[in-house]
Amino acid sequence: MAKQGTNSSVANAERLKLDGELKRSNEALDAARAQISTMETELKALIPLLPAPVLSGAQQLLNRLPADPNNTKAGVTERVQTVVSLLNEVDKFNNAVTVFTEKRRNDKGEEVSVETVYAGLGAAYFVNESGNFAGFGRPGDKGWEWTVDPALASDVREIIRIYRNERTARFVPLPVTVR
């Protein structure tokens, strides 16, 4: 009987210890859930500010963001992985100069194929094949704002040639607005 009492006391102590660990784990999980909900909401607010190449490259990740971060069945681990992966994609784009072929509307409303040079998330410059349609873009309050400036055509074309190693690297002045 004494041995049974000792086993019961040990089992109760172990159960109390495990209950305490479970409580701390649940509290940590609740804190993580609240933090990831905040991050998802903030990330969603930034989506309109991202350029089209980032959005198209990260579309699968964007689709995994819950519609309502405060009411979702997705697990915390999966949600953290999605947010970290999205932030990684944005950071990778922001730390590089990249060239993409895109469509822009000219003054006549026609779609024109252009090559766009993105300098991270801060500025972009575009030019069409014939060099008669060019300009620049920058992030605005509601997304990217594009300005046509045909005078930039030769400089943007030169940047693209340098990017492709068709020309030796050199300084090419282009307009930049810092806000």
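Data block above holds the structure.
Heads up: these notes are all about the structure in this document. (Residues numbered from 1 in each chain as written. Predicted model: local features only at pLDDT ≥ 70, side-chain atom pairs only at ≥ 80, totals over all residues. Heavy atoms only, no water.)

**Considerations on the overall build of the chain**
Step number 1: Across its full length, the chain carries five helices and five strands.
Step number 2: Helices and strands in the chain line up, N terminus first, as α-α-α-α-β-β-β-β-β-α.
Step number 3: Here the C-alpha radius of gyration of the chain, 26 Å, is well above what a compact globule of 179 residues would show, namely 16 Å.
Step number 4: Relative to its full complement of 179 residues, the chain shows a buried share of 31%.
Step number 5: Within the chain, residue pairs in contact and separated by at least 24 positions form 40% of the contacts whose partners lie at least 6 positions apart.
Step number 6: Taken as a whole, the chain presents about 11700 Å² of accessible surface, with 53% of it coming from carbon and sulfur.
Step number 7: If the 23 positive side-chain charges of the chain are averaged to one point and the 23 negative ones to another, these points end up 4 Å apart. (Helix = DSSP H or I, 4+ residues; strand = E, 2+ residues; numbered from the N terminus. Rg over C-alpha atoms; globule rule 2.2 N^0.38 Å. Buried < 20%, exposed > 50% of the residue type's maximum accessible area, 1.4 Å probe, protein only. Contact = heavy atoms within 4.5 Å. Areas by Shrake-Rupley, 256 points an atom, 1.4 Å probe, with all protein chains shown as cover. Lys, Arg positive; Asp, Glu negative; His and termini not counted. Charge placed at Lys NZ, Arg CZ, Asp CG, Glu CD.)

**Here's the deal with the pattern of salt bridges**
Step number 1: What the rule picks out here adds up to nine salt bridges.
Step number 2: We note a salt bridge from E102 to R104, for which the minimum N-O separation is 2.5 Å. R104 matches E102 in its accessibility class, with the two residues each being buried.
Step number 3: The partner of R170 in a salt bridge is E158, and the shortest N-O contact between them spans 3.6 Å. Taken together, the residues span a long stretch of sequence, with R170 in the segment after α5 (153-163) and E158 in helix α5 at a distance of twelve residues.
Step number 4: Overall, R170 belongs to the partly exposed group, its relative accessible area being 47%.
Step number 5: E158 sits in the buried class, given a relative accessible area of 11%.
Step number 6: By sharing partners, the salt bridges in this structure join E115, R157 and R164 into a single network. (Salt bridge = Lys/Arg side-chain N within 4 Å of Asp/Glu carboxyl O.)

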